[in-house]
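Below, each chain spelled out in residue letters.
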Amino acid sequence: MKHFNEYKQLNLAEVSKEILEQWEKEDLFHKSIETREGNPSFLFFEGPPSANGMPGIHHVMARTIKDTFCRFKTMQGYQVKRKAGWDTHGLPVELGVEKLLGITKEDIGKKISVDEYNAACRREVMKYTQEWTNLTKQMGYWVDLENPYITYDNKFIETLWWLLKQLYQKGYLYKGYTIQPYSPAAGTGLSSHELNQPGCYRDVKDTTCTAQFRLLGDKAMRLLGEETPLYALAWTTTPWTLPSNTALCVGPKIDYVIVKGENPYTKIEAYYLLAEARLAAYAKELGEEPEVLWRGKGTDLEGVQYEQLIPWANPGEGAFKIILGDYVTTEDGTGIVHIAPTFGADDAFVAKKAGVPGMVFITKKGEQRPMVDMTGKFFNIADLDEDFVKNQVDVAAYEPWAGRYVKNAYDANLTDKDETLDVSICIWLKGENKAFRIEKHVHNYPHCWRTDKPVLYYPLDSWFIRSTQAREEMMALNDTINWQPESTGTGRFGKWLENLNDWNLSRSRYWGTPLPIWRTEDGQEEICIGSIAELMVEIEKSIKAGFMTENPFAKHVVCDYSKENYDPSVIDLHRPYVDYIVLCSPSGKPMKRELDLIDVWFDSGAMPYAQNHYPFENQDAPRTADFISEGVDQTRGWFFTLHAIHTMIEGSVAYKNVISNGLVLDKNGNKMSKRLGNAVDPFGALDKYGADAVRWYMLTNSSPWENLKFDPEGVDEIRRKFFGTLYNTYGFFALYANVDGWNQEQGTKNQDLQEIDKWVLSKLNSLVKEVTAAYEAYEPTKAGRAISDFVQDDLSNWYVRLNRKRFWGGEMDADKQAAYYTLYTCLKTVAQLMAPNAPFYGDRLYRDLTDETVHLSTWPVADEAMINLELERSMSLAQQATSMILSLRKRAEKNVRQPLQKAVIPAPDQETLEALLRVEDLIKSEVNVKEMVIVRAEDSEIKLVKKIKPNFKVLGKKVGGMMKQLAAAIAQMSQEDIAAFEAAGTFTLCDYALVAEDVDIITEDMPGWLVANNGVITIALDIELTPALIEEGIARELINRIQNLRKSSGLEITDRITVQLENREEIAAAVKNCNEYIASQVLATSLVLVDGLVNGTILEMDGYNVNCIIEKA
RNA sequence: GGUCCUGUAGCUCAGUUGGUUAUGAGCGUUCCCCUGAUAAGGGAAAGGUCGUUGGUUCAAGCCCAAUCAGGACUACCA
């Protein structure tokens, strides 16, 4: 006989541990995949975390979502393969290692070899693997930890190379020269990650200058029609870039004016061009309301030439003209922007578009550079190409300035107190009648986090992926992805794609995937390597050509994909080893590897291919995920790189469904941080509340894409309310099922089911439908809330509470079996529905009920035949009626133990009437009323006061604008009008013939009765107490007190007793008239009144005490 | 600066193609009940100018615009 486990108390953390052991013993995760062999596949991609940091509570959030859907799909019968992954390259790892070893980037290759450094990275990056593994297990996240993909793995890198070669061949890869943050002091470019270090942006006070550029040529003349000096005013916060000026930029739609004025320093009269909206800002120099001599749009100015402001060097054809740029505003400055394409990203962009060259110098080595060298100073003439100097530089003008640092901070010989280059230039301009205003200005400027010195925006060589070329395709494919929430896909992600820039792949670091491109020194010949096999062939060629003496990877056997053959001891595709390789170009020249590493985001974005070592192995493995989920912060990160690579490589989506979840904040809505000490330790939370409660809380408290305010008390509430109630319900079931020896084989016959059984089974099947739909729509919150509502309200608080008596005592009959069957079915199905999100307790419950694991069970399918919406409506009415009557009792101060004679419910329509009649008995027993009068309102003998109100939804559509008038008229209708309307079925108001569907008529009041109305039904309660009712009330009070006494006296449930009660007039009649009733309820063989009883137990009644003695009979 | 999200009861959140008493839910609070699911359970009550201001509409928590507050991402505006 099946014995159902009974427990003393619920400890979810304990349950997790026990179930986890069970899973490991049974190897259940693998079974959950193996048993689905041959079934349709549901592919999930795991976004790789970095194991060089400890996991946080937000990882529990993200992984709960992932796990829930994978488990759901598994139960639905899909085979859900999911590989764990580790993100192992990149800056955070390197910074960690630098800190650990106490070195800086400059020391690498000097104090420590690249070899040793990378070995340290390799060790360091997996530092917290054990913690991650523990978290994964403890929270019940099922993912294949034994065969993870690791981004530093040679196989992984080989696939990356293959992908890069594909992109190379499709023309997506190019080397470009762009403006990037650069630290001259450190001699290195800075990543945006580095710029986002706290404290990098600081307020600095710089000398700024509004310079005046003299306009030239016919077009300028035509603006005014006379030959007077005309200047365009432009403001800059970096006067040192003025010598590199090659254009001025105006906004096409902005209004510009020419006004007369004089230079405040030289007092020379001139005309000035600036944005009309900026006139006020220059009132000091130009007067409050200067006369406007010309007015026009930015477009009128396009192409106007001007005289070079600081003529040190000639940038070539096309420079010194006014161009258009949409980004120009009139917020500050003059509405005319100084353009130095070599020092500003925007500048470079608009200049390129307008065909304006930048101020480019040629060095002795033949490199193209801006006017400033890599150390942050104007080039010394000696470092420049002789021909260039001869042809394009005005040596006399430039020489005094050569060698000046653009910021004092870069020059070891200068301090803050010394005159800056900015100031020197301003003074010079002033003397030349070229400075219009010079002032100090405070602005926010980034600083190098390592050297503490200001950053320079500087053009650098980088490799790019021309992702803009695939923009349209990416946008089109994005439309086919199901984003949850939708706005992240269409808004945040969609907008990001619209404004896409080319992807800067280059990183000048050491620990990462090397760029597989080898080039000749002159850059004329290059090769992109797409596999180890290809590299081996090239190495052999190179050895033949004499560029290399031996193959460093000679031990590697091409096309042998064994683990050993790819071991780092055999081959290592990292620096410095690949840097040692020199290849031979087609024309026989040596080619060296481009020293860059690639952006780590390429690593993770390539995982659909690289996790399977595609295309070298697993050519058939699917590469599009059915589902992925990560934090919303990954929109521009992993979500993008997956999408971009997949689109460019094979023109299809990398994922079909995606949930982007929000942040996990502390309970006050603040970001969690170790510094503030408000970070929740995931292990502590899991230990304390158990994984299920934490998981359930996370998915049901709010939609996962909204930020979660993590409140431990909320988790505890979930534990108490949901899991506690479910546990209790099971406990109740197990207790009696064991007593009765019931098991599920006994089943039940449909005709034995009572209305309430059918009701709860109907609810259950509705629930199955709802939960399935919610999971399929990737709405875990809806699913979870529906389950907990069912368990708490329908199953426990209504079904079990109302049916307890059916399980107590007595013989096993058909009715009792029906009750067991019903409760068992509910519990078992709930265990399945909850299992994806609460895998531990769901499994415990299912195992207790069936001796099998829930995770290999088949997802329940709703039985439509069991769904009875009328029955559900009836019960809902019963619940409402019960609540209303209890509320009335409260108002009348009649507690539930006091029986009342009668309640009247006039039903507004036949349907409601029938619905109420079905549950009449149930209501009666719930509210302790002897008689229910449920009749059609018109059949009621009681006088009813009715209320009529418009059905706005129906009527509004019909009458539109007349609604207000009609509503007022309806409100004026008298009781007689309503009666007439009901009799005739129509009633004319304001020339409109009302029909039944236009209005709702409800019973508002029944004069002389105590009435409650909730808008749907109205209930009247007879609170008149007859002597008989009062006696019965007292009898019930006595029963209650005697039962308590029985219990506190330690009597067994079945013991018979004798009862003696002190003879008091308050109870005498009740004891006499209800003697039998009382005796039967308290299992008394005799119940007598004794005069003057004193030595018994005192029973506290309503305002008086009664002495009582009970004895075992 | 740009893009996106959020603002409903003390707290966490529902609120269905716009329909008039927000039937709002749970927690918390107050009061009461139950006492054979018991280191549980149930009920009732109080609690809201739906961030603010305009607009569209017969009708707005819901649609539109502006604005404020919080948050995320992104960006060298001279």
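Procedures and definitions
Residues numbered from 1 in each chain as written. Chains lettered and ligands numbered in written order. Predicted model: local features only at pLDDT ≥ 70, side-chain atom pairs only at ≥ 80, totals over all residues. Helix = DSSP H or I, 4+ residues; strand = E, 2+ residues; numbered from the N terminus. Rg over C-alpha atoms; globule rule 2.2 N^0.38 Å. Buried ≥ 20, exposed ≤ 12 C-beta atoms within 10 Å, placed from the backbone. Contact = placed C-beta atoms within 7 Å. Core = buried A, V, L, I, M, F, W, Y, C linked by C-beta atoms within 7 Å. Domains from an automatic or database assignment. Near = placed C-beta within 6 Å. Nonpolar A, V, L, I, M, F, W, Y, C, P; charged D, E, K, R; others polar. Axes fitted to C-alpha atoms, helices over the stretch in contact; angles between N-to-C directions. Parallel < 35°, antiparallel > 145°, perpendicular 65-115°, else oblique. Pairing = 2+ DSSP bridges. Expected span 1.5 Å × (residues − 1). pLDDT = per-residue confidence, 0-100.

Let's talk about the overall build of chain A
Okay, so step 1: Across its full length, chain A carries 38 helices and 41 strands.
Okay, so step 2: Taken over C-alpha atoms, the radius of gyration comes to 42 Å for chain A, far larger than the 32 Å a tight globule of 1113 residues would show.
Okay, so step 3: Evaluated residue by residue, chain A yields a buried proportion of 43% over its 1113 residues.
Okay, so step 4: The long-range share in chain A, meaning contacts at least 24 apart out of those at least 6 apart in sequence, stands at 76%.

Brief notes about the nonpolar core
Okay, so step 1: Core analysis: the largest hydrophobic core is formed by 193 residues, its most contacted members being Val694, Ile787 and Leu827.
Okay, so step 2: Residue contributions to this core reach at least three from each of two domains, namely domain 2 (516-595) and domain 3 (875-1022).
Okay, so step 3: With residues up to four places along the chain from it excluded, the contact list for Val694 reads Val60, Ala685, Leu686, Tyr689 and Val715.
Okay, so step 4: By size, the runner-up hydrophobic cluster in this structure holds 80 residues, among which are Ile254, Ala319, Ile339 and Val393.

What about the protein's contact with RNA strand B?
Okay, so step 1: Neighbouring RNA strand B are 75 residues; Ala345, Gly491, Gly956, Met963 and Ile1053 lie closest to it.
Okay, so step 2: Broken down by element, the residue count for the surface near RNA strand B peaks at eight residues, all from helix H25 (residues 712-740).
Okay, so step 3: Of the residues that constitute the surface near RNA strand B, the class distribution is 18 nonpolar, 35 polar and 22 charged.

Thoughts on the domain arrangement of chain A
Okay, so step 1: Structurally, chain A comprises domain 1 (205-443), domain 2 (516-595), domain 3 (875-1022) and domain 4 (1027-1112).
Okay, so step 2: The gap between the C-alpha centroids of domain 1 and domain 3 is 82 Å.

Remarks on the packing of helix H26 (residues 755-776) against helix H27 (residues 780-807)
Okay, so step 1: Contact geometry of H26 with H27 gives a least axis separation of 9 Å together with a crossing angle of 170°. Put simply, H26 runs roughly antiparallel to H27. Contacts between H26 and H27 pair Ile756, Val760, Lys763, Leu767, Glu770, Val771, Ala774 and Tyr775 from the former with Pro780, Lys782, Ala783, Ala786, Ile787, Phe790, Asp794, Leu795, Tyr799, Leu802 and Asn803 from the latter.
Okay, so step 2: Its residues assigned to classes, the contact of H26 with H27 comprises 14 nonpolar, one polar and four charged.

Digging into the sheet that holds strand E22 (residues 526-528)
Okay, so step 1: Across the sheet, four strands lie side by side as E22-E21-E24-E23; this open sheet has antiparallel pairing. Only two strands of the sheet have a single partner each, and these edge strands are E22 and strand E23 (583-584).
Okay, so step 2: Both strand E21 (residues 517-520) and strand E24 (residues 590-593) contribute to a ladder of three bridges, which runs antiparallel. The residue bridging Trp518 from the neighbouring strand is Arg593, located in E24.

Some details on helix H29 (residues 839-850)
Okay, so step 1: Over its twelve residues, H29 extends 16 Å from the first C-alpha to the last, a length consistent with the 16 Å expected when each residue adds 1.5 Å.
Okay, so step 2: The element H29 is largely enclosed, with a buried count of nine among its twelve residues.
Okay, so step 3: Inspection of H29 places Pro839, Phe840, Tyr841, Gly842, Asp843, Arg844, Leu845, Tyr846 and Leu849 among the buried residues, and these make up the whole buried set.
Okay, so step 4: Contacts made by the buried residues of H29 are with helix H1 (12-26), helix H3 (57-75), helix H24 (691-701), H25 and helix H28 (814-834).

Overview of the packing of H1 against H29
Okay, so step 1: The N-to-C vectors of H1 and H29 enclose an angle of 75°; their axes lie 9 Å apart at closest approach. Here H1 lies roughly perpendicular to H29, going by the angle between them. Contact residues: Leu12, Val15, Ser16 and Ile19 in H1; Phe840, Tyr841, Asp843 and Arg844 in H29.
Okay, so step 2: Here the contact of H1 with H29 is composed, by residue class, of five nonpolar, one polar and two charged.

Here we look at the sheet that holds strand E36 (residues 1010-1013)
Okay, so step 1: Spatial ordering of the open sheet is given by E31-E30-E37-E36, a layout of four strands whose pairing is mixed. Bordering the open sheet on either side are strand E31 (929-936) and E36, each of which pairs with just one other strand. Sheet twist, expressed as the average angle between the axes of neighbouring strands with direction ignored, equals 20°.

Re the pairing of strand E17 (residues 456-465)
Okay, so step 1: Inspection of the sheet shows strand E3 (residues 173-183) paired to E17 by ten bridges, in the antiparallel sense. Looking at the pairing, Tyr182 lines up with Leu456 of E17.
Okay, so step 2: The pairing of E17 with strand E19 (residues 503-504) spans two bridges and is classified as antiparallel. From the neighbouring strand, Ile465 faces E19, where its bridge partner is Trp503.

Points about the pairing of strand E9 (residues 269-275)
Okay, so step 1: In the sheet, strand E6 (residues 230-236) pairs with E9 via three bridges, with the strands oriented parallel. If you follow Tyr231 over to E9, its bridge partner there is Tyr272.

Let's talk about unusual backbone geometry
Okay, so step 1: The residue after Arg575, namely Pro576, is reached through a cis peptide bond having omega 0°.
Okay, so step 2: The topology assignment puts Pro576 in the loop between helix H18 (532-545) and helix H19 (577-580).
Okay, so step 3: Of note in the backbone geometry, Lys267 takes a positive phi value of approximately 60° without being a glycine.
Okay, so step 4: Assignment of secondary structure puts Lys267 in the loop between strand E8 (255-262) and E9.
Okay, so step 5: Of note, the phi angle at His613 is positive, near 55°, even though the residue is not glycine.
Okay, so step 6: With respect to the helices and strands, the residue His613 is situated in the loop between helix H21 (607-610) and strand E26 (625-631).
Okay, so step 7: By the C-beta count within 10 Å, which is 21 here, His613 ends up buried.

Describing the confidence of the model for chain A
Okay, so step 1: Looking at chain A, pLDDT values average 87 and 97% of them are 70 or higher.
Okay, so step 2: Reported confidence for the predicted complex is 0.92 by ipTM and 0.86 by pTM.

Quick look at the environment of Ile867
Okay, so step 1: Here Ile867 shows up in the loop between H29 and helix H30 (869-892).
Okay, so step 2: You can call Ile867 partly exposed: it has 17 C-beta atoms within 10 Å.

Here we look at the environment of Leu665
Okay, so step 1: Considering the arrangement of structural elements, one finds Leu665 in strand E28 (residues 664-666).
Okay, so step 2: You can call Leu665 partly exposed: it has 18 C-beta atoms within 10 Å.
Okay, so step 3: Residue contacts for Leu665: discarding those within four places in its chain leaves Asn670, Lys671, Met672, Asn707, Leu708, Lys709 and Phe710.

A few points about the environment of His59
Okay, so step 1: Residue position: His59 is located in helix H3.
Okay, so step 2: Taking the number of C-beta atoms within 10 Å as the measure of exposure, His59 has 20 and is therefore buried.
Okay, so step 3: Counting along the chain gives 682 residues from His59 to Gly741, while the straight-line C-alpha distance between them is 45 Å.
Okay, so step 4: Setting aside residues no more than four positions away along its own chain, His59 makes contact with Pro49, Leu135 and Pro682.

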